[in-house]
Amino acid sequence: MTDHQYDHSSNRLEGVRAAITGGTSGLGLALVRELTARGARVAFIARTASSIEEVARSNHGTSGIVGDVSKKPEIHPIVLQVLGALGGLDVLINNASSLGPTPLALLGDTECEDFELALTTNVLGPFRLTKALLGALSASAREGTGSVVLNVSSDAAINAYPEWGAYGASKAALHHMTRIWREEVAAEGIRMLSLDPGDMDTPLHAAAVPGADRTSLERPATAARGLADAIESAMPTPSISGGGRRAPAASEVRE
Amino acid sequence: MIAADRPVQRPRNARMLVVDAGGRIRHAFRSRFIDLLRPGDLLVANDAATLPASLHGVHLRSGDSIEVRLAGRPSVALDDVQTFSALVFGTGDFRTRTEDRPLPPSLETGDRVEFGSVGKLTATIEGFFDHPRLVALRFGGSAGDVWSGLARHGRPIQYAHMPAALELGDVWTPIAAMPVAFEAPSATFAVDWRLIGALRARGIGFQTITLAAGLSSTGDSELDKRLPLDEPYRIPENTAHAIRLCRTRGGRVVAAGTTVVRALEHSASVHGHVRAGDGLATQRVGPARQLRIVDAILSGTHEPGVSHFELLRAFADDDTLAAATAELEAFGYRTHEFGDSVFIEQIANRNLTRSDAALETTVPALTSLLM
């Protein structure tokens, strides 16, 4: 992924209403900043009220929502506040992720409860949020704004890394679910993306690989730029033609 | 009829009584609803999502419990959430029938109400709509504070026929988009993504409007006579365009629910045609009203006398509706928001006078306090 300054001349995210889960750290925080910089109106969701206030304060115009996407009773209250804050929704980014057991563990040593947390956070949470917001997303699509759901995937969804069992299985499920969503809602005008941002220097990576050489890891801001480019490419072309689509910088997870 | 007492939006055995344009009545399964539509028809549904509009709190001056049910709003704009009209009750909750609920504490203009302890939502009584239980309410704080307060402390409005407490997800329709309704636009429960895909495959149009569906019952016979209260709505450009096209080409406009009828007919009565944009439906659709736009309706099963039933009288004459009601009773159809359905085509050659405007009734001044 090349590090480049964003070219604002073909900005398809200006005024776009975007919701980002896990928006107070790592990639999620970088996405809040990147999308806001591109003119999007952003609502972000996270579990800790104090972190939310801090991020909302330093990213003017964003709305922070307290909620845990892994908990079913919290989904509709989150969705209500997202729609209330933004007046509708064009882009949903399911970024919040759980590693499962930390430190990572062999499947034979993984507690069921830790596996469940990975599944509820990484699969059921995105499923429930997408389902509850499908009406709003399809309304945007009908009105010509276009709508995109980006599910943040991982190469662990494809490759069998020992000790990444709960995470890898949940991300594989998320990735496959995204492919099925894509088939089912294409006719409604909703684009579904499953993208792997690559290894980044984030709290999640630090929890998974405590001894990693951080200098070898990509900065979340760089990955966020690639994902934002990919979302832009998936949005309908503005009426003025010749914007010149850029190839998505983040690599689509391949089967 | 039998009260539907479980929050299942699309029971597999949901039934649908069909009244066709000739006044003939037959029984069908609601899952076969699409077979009643023809290529070139247009189905219009209400995509309003439902607010958790029931709030339990404390009336500060007396220290007594109060339940506030949000009932009306000036617009469907999602940042316009400070002022509402609201119905107030005393102690208790939905488990007690609304007509048996204790009266609220005696309220005065300027009284304050608090909801919840953590992340408190506060409101001030700003006035009354000619009735001690129908108040103008103003929430404190920003729009964001109101949304988080509603998310935290509000519950869906529900009634005693449903014993279990409803979650917001129970009343969130498949296409719910704009959270503006005070009660679920329940005809939309039947509109799922499979149906929308099937409509497309058969060349039947599908569009939405958004109408802030209000209360279906107040527990007070005087107030019930004023239902439905004024309801703001929004008609998207695409919908207005699709309706024009459908009518030009001889298709039928089919409404999924009374709220769709109300929005489209109000727009047409004001502008002469369905125009894109925001409006406030103040009229009552009933027997005296000639329908200008809607040709058929999918609706719940309604008891004679309630406001939703009155609207059905715009589609069919009283004899036909009496026969349909007898059929619903005889065959044990289920009623209320999670109940069975009726599909009624506008009966041809009804003896209607065109003096509907003169007979139309409105509830005056309900919104003036809110603007």
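These figures come from a predicted structure and were not determined experimentally.

Moving on to the overall build of chain B. Scanning chain B from terminus to terminus reveals 9 helices and 20 strands. Here the C-alpha radius of gyration of chain B, 20 Å, is about what a compact globule of 371 residues would show, namely 21 Å. Dimensions of chain B, computed from C-alpha atoms along their principal axes, come out at roughly 60 × 40 × 40 Å. Counting across all 371 residues of chain B, residues that qualify as buried make up 49%. Restricting the contact set of chain B to residue pairs at least 6 apart, pairs at least 24 apart contribute 74%.

Turning next to unusual backbone geometry. Cis geometry is found at the peptide bond from A:Thr102 to A:Pro103, where omega equals -5°. That bond from B:Leu227 to B:Pro228 is cis: its omega, -10°, falls within 30 degrees of zero. Inspection of the secondary structure puts B:Pro228 in the loop between helix H4 (221-224) and strand S15 (231-235). The phi angle at B:Asp130 is positive, at roughly 55°, despite the residue not being glycine. Following the sequence through the fold, B:Asp130 ends up in the loop between strand S10 (121-128) and strand S11 (134-139).

Turning to the domain arrangement of chain B, a few remarks are in order. Residue and element names in this part refer to chain B. On domain assignment, one finds that chain B holds domain 1 (2-50 + 167-370) and domain 2 (54-155). Relative to domain 2, the C-alpha centre of domain 1 lies at a distance of 28 Å. Taken together, the contacts link 23 residues of domain 1 with 22 residues of domain 2. Counting residues per element, the ones that place at least two in the side of domain 1 that touches domain 2 are strand S13 (178-181), H4 and S15. With 3 residues, the single largest contributor to the side of domain 1 that touches domain 2 is S15. When its residues are assigned to classes, the side of domain 1 that touches domain 2 shows 12 nonpolar, 6 polar and 5 charged.

Bringing the packing of helix H3 (residues 72-86) of chain A against helix H1 (residues 143-153) of chain B into the picture now. Between H3(A) and H1(B), whose axes approach to 9 Å, the crossing angle comes to 165°. Looking at the two axes, H3(A) sits roughly antiparallel to H1(B). For H3(A) against H1(B), the interelement crossing comes out right-handed. Facing A:Pro77, A:Leu80, A:Gln81, A:Gly84 and A:Ala85 of H3(A), the residues of H1(B) in contact are B:Gly144, B:Trp147, B:Ser148, B:Leu150 and B:Ala151. Partitioned by chemical class, the residues of the contact of H3(A) with H1(B) number 6 nonpolar, 4 polar and no charged.

This paragraph deals with the sheet that holds strand S14 (residues 205-211) of chain B. Residues and elements named next belong to chain B. The strand order S3-S2-S20-S18-S16-S4-S14-S15-S17 describes an open sheet built from 9 strands, whose pairing is mixed. Edge positions in the sheet fall to strand S3 (25-29) and strand S17 (277-281), since each has one partner strand and no second. Between one strand axis and the next, the sheet turns by 25° as a mean value, whatever way the strands run. Here strand S4 (residues 42-46) runs beside strand S16 (residues 253-256); their pairing, made up of 4 bridges, is parallel. When the bridges of S16 are listed, Leu-43 appears paired with Val-254. Contacts from helix H8 (residues 318-330) reach strand S2 (15-19), S3 and strand S20 (341-345), with the element oriented near 155° to S2.

Attention now moves to the interface of chain A and chain B. Residue-level contacts link 20 residues of chain A with 24 residues of chain B. Elements represented by at least two residues in the side of chain A that touches chain B include exactly H3 and helix H4 (112-142) of chain A. In terms of residue count, H3(A) provides more of the side of chain A that touches chain B than any other element does, 9 residues in total. For the side of chain A that touches chain B, the class distribution of residues is 10 nonpolar, 8 polar and 2 charged.

Let's shift gears to the nonpolar core. Formed by 163 residues in total, the largest nonpolar core has its most connected members in A:Val82, B:Val44, B:Phe182, B:Ala255, B:Ala256 and B:Leu264. Look past the residues within four positions of B:Ala256 in its chain and what remains in contact with it is B:Leu43, B:Val44, B:Ala45, B:Ala187, B:Thr188, B:Ala190, B:Val191 and B:Leu298. Grouped together as the second largest cluster of nonpolar side chains are 13 residues, A:Ala156, A:Tyr167, A:Leu204 and A:Ala208 included.

This prediction gives chain A a mean pLDDT of 90; 89% of its residues lie at or above 70. Counted against residues more than four places away or in other chains, residues 239-250 of chain A, with its pLDDT under 50, gives 21 contacts.

Any two packed helices are characterised by the angle at which their axes cross and by the distance between the axes. Residues and elements named next belong to chain A. Two elements in contact, H4 and helix H5 (residues 165-185), have axes separated by 8 Å at closest approach and are oriented at 15°. The angle between H4 and H5 falls in the class roughly parallel. Between H4 and H5 the crossing geometry is right-handed. On H5, the residues that touch Asp-114, Phe-115, Ala-118, Leu-119, Asn-122, Val-123, Pro-126, Phe-127 and Thr-130 of H4 are Ala-166, Tyr-167, Ser-170, Lys-171, Ala-173, Leu-174, Met-177 and Trp-181.

Cut-offs used in this document
- Residues numbered from 1 in each chain as written.
- Chains lettered and ligands numbered in written order.
- Predicted model: local features only at pLDDT ≥ 70, side-chain atom pairs only at ≥ 80, totals over all residues.
- Helix = DSSP H or I, 4+ residues; strand = E, 2+ residues; numbered from the N terminus.
- Rg over C-alpha atoms; globule rule 2.2 N^0.38 Å.
- Buried ≥ 20, exposed ≤ 12 C-beta atoms within 10 Å, placed from the backbone.
- Contact = placed C-beta atoms within 7 Å.
- Domains from an automatic or database assignment.
- Nonpolar A, V, L, I, M, F, W, Y, C, P; charged D, E, K, R; others polar.
- Axes fitted to C-alpha atoms, helices over the stretch in contact; angles between N-to-C directions.
- Parallel < 35°, antiparallel > 145°, perpendicular 65-115°, else oblique.
- Left-handed = near helix turned anticlockwise from the far one by under 90°.
- Pairing = 2+ DSSP bridges.
- Core = buried A, V, L, I, M, F, W, Y, C linked by C-beta atoms within 7 Å.
- pLDDT = per-residue confidence, 0-100.

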